[in-house]
Amino acid sequence: MTVVALLGEHDITTVAYVSALVARAIADQRAEVVVDLSEVTYLGAATVRVLARARTLLKGESRTLVVRAPSRAARRILQLCDLGLATDGRPDTPLARPADKHEVRRSG
């Protein structure tokens, strides 16, 4: 599993950076890419689009993208967009300590 942990606000101004992080995680070739949103204070539609595209790409490779512990703000926009992004089912409760800000963390 490869974990991408995001902190703070993510909108159109950070979408290129988030895209690069997610692309790096996808290139790692591990079966599962986990995006930890537990420390996100704002999640814009552009970032949600990045996650949705990544999910579609991974699905085509028989891999998965899972959203881990979305904060209240992140969960709300994910629900509003209704793009079928799978979450770990634990609102506001991180499953593990978040990685450093915007870092890709590999485990397993």
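What comes next concerns the included structure. Since we're looking at a predicted model, the values are computed, not measured.

Take the pattern of salt bridges next. Taken as a whole, this structure holds 1 salt bridge when the rule is applied. The partner of Arg63 in a salt bridge is Glu61, and the shortest N-O contact between them spans 2.7 Å. For Arg63, a relative accessible area of 9% puts it in the buried group. For Glu61, a relative accessible area of 37% translates into the label partly exposed.

The contact between helix H1 (residues 15-27) and helix H2 (residues 45-60) brings their axes to 10 Å, and the two run at 20 degrees. By the angle between their axes, H1 is roughly parallel relative to H2. Relative to H2, the crossing made by H1 is right-handed. In this structure, H1 uses Val15, Val18, Ser19, Val22 and Ile26 to contact H2, whose residues at the interface are Ala46, Thr47, Val50, Leu51, Ala54, Leu57 and Leu58. Class assignment of the residues belonging to the contact of H1 with H2 gives a composition of 10 nonpolar, 2 polar and no charged.

Of all 5 residues that make up strand S3 (residues 64-68), 4 are buried, and the element is covered over most of its length. Pairing analysis gives 5 bridges linking strand S2 (residues 32-43) to S3, with the strands arranged parallel. Pairing of Val34 across the sheet is with Val66, part of S3.

The next thing to look at is the environment of Tyr42. Inspection of the secondary structure puts Tyr42 in strand S2. You can call Tyr42 partly exposed: its relative accessible area is 42%. Taking C-alpha positions, Tyr42 is 9.1 Å from Leu7, a pair spaced 35 residues apart along the chain.

Before going further, it helps to examine the nonpolar core. Generally speaking, soluble globular proteins have nonpolar side chains that are buried together. Within the largest apolar cluster, 24 residues are counted, with the highest numbers of intra-cluster contacts made by Leu6, Val22, Leu37, Leu43 and Leu65. Among the elements of the structure, strand S1 (2-10), H1, S2, H2, S3 and helix H3 (72-81) are those that each provide at least two residues to this core.

Let us look at the pairing of S2. With 8 bridges joining them, S1 and S2 adopt parallel strand pairing. The residue of S2 that forms the bridge with Glu9 is Tyr42. Between S2 and its parallel partner S3, the chain crosses via H2, and the hand of that crossover is right-handed.

What follows covers H1. Residue pairs spaced three or four apart in an α-helix point in one direction, given the helix's 3.6 residues per turn. Taking 1.5 Å of rise per residue, 13 residues should cover 18 Å, and H1 covers 18 Å from first to last C-alpha, within 8% of that figure. Among the residues of H1, those classed as buried are Val15, Val18, Leu21, Val22, Ala25 and Ile26. Taken down its axis, H1 places every buried residue within 140 degrees of arc, on the same side. Exposed side of H1, more than 90 degrees from the buried face: Ala16 and Ala27 are the residues found there. A positive backbone phi angle near 65 degrees is found at Gln29, which sits one or two residues after H1.

Conventions used here
Residues numbered from 1 in each chain as written. Predicted model: local features only at pLDDT ≥ 70, side-chain atom pairs only at ≥ 80, totals over all residues. Heavy atoms only, no water. Salt bridge = Lys/Arg side-chain N within 4 Å of Asp/Glu carboxyl O. Buried < 20%, exposed > 50% of the residue type's maximum accessible area, 1.4 Å probe, protein only. Axes fitted to C-alpha atoms, helices over the stretch in contact; angles between N-to-C directions. Helix = DSSP H or I, 4+ residues; strand = E, 2+ residues; numbered from the N terminus. Parallel < 35°, antiparallel > 145°, perpendicular 65-115°, else oblique. Left-handed = near helix turned anticlockwise from the far one by under 90°. Contact = heavy atoms within 4.5 Å. Nonpolar A, V, L, I, M, F, W, Y, C, P; charged D, E, K, R; others polar. Pairing = 2+ DSSP bridges. Core = buried A, V, L, I, M, F, W, Y, C linked by side-chain atoms within 4.5 Å. Right-handed = clockwise from strand over helix to strand, strands pointing away. Expected span 1.5 Å × (residues − 1). Arc of directions from axis to C-beta.

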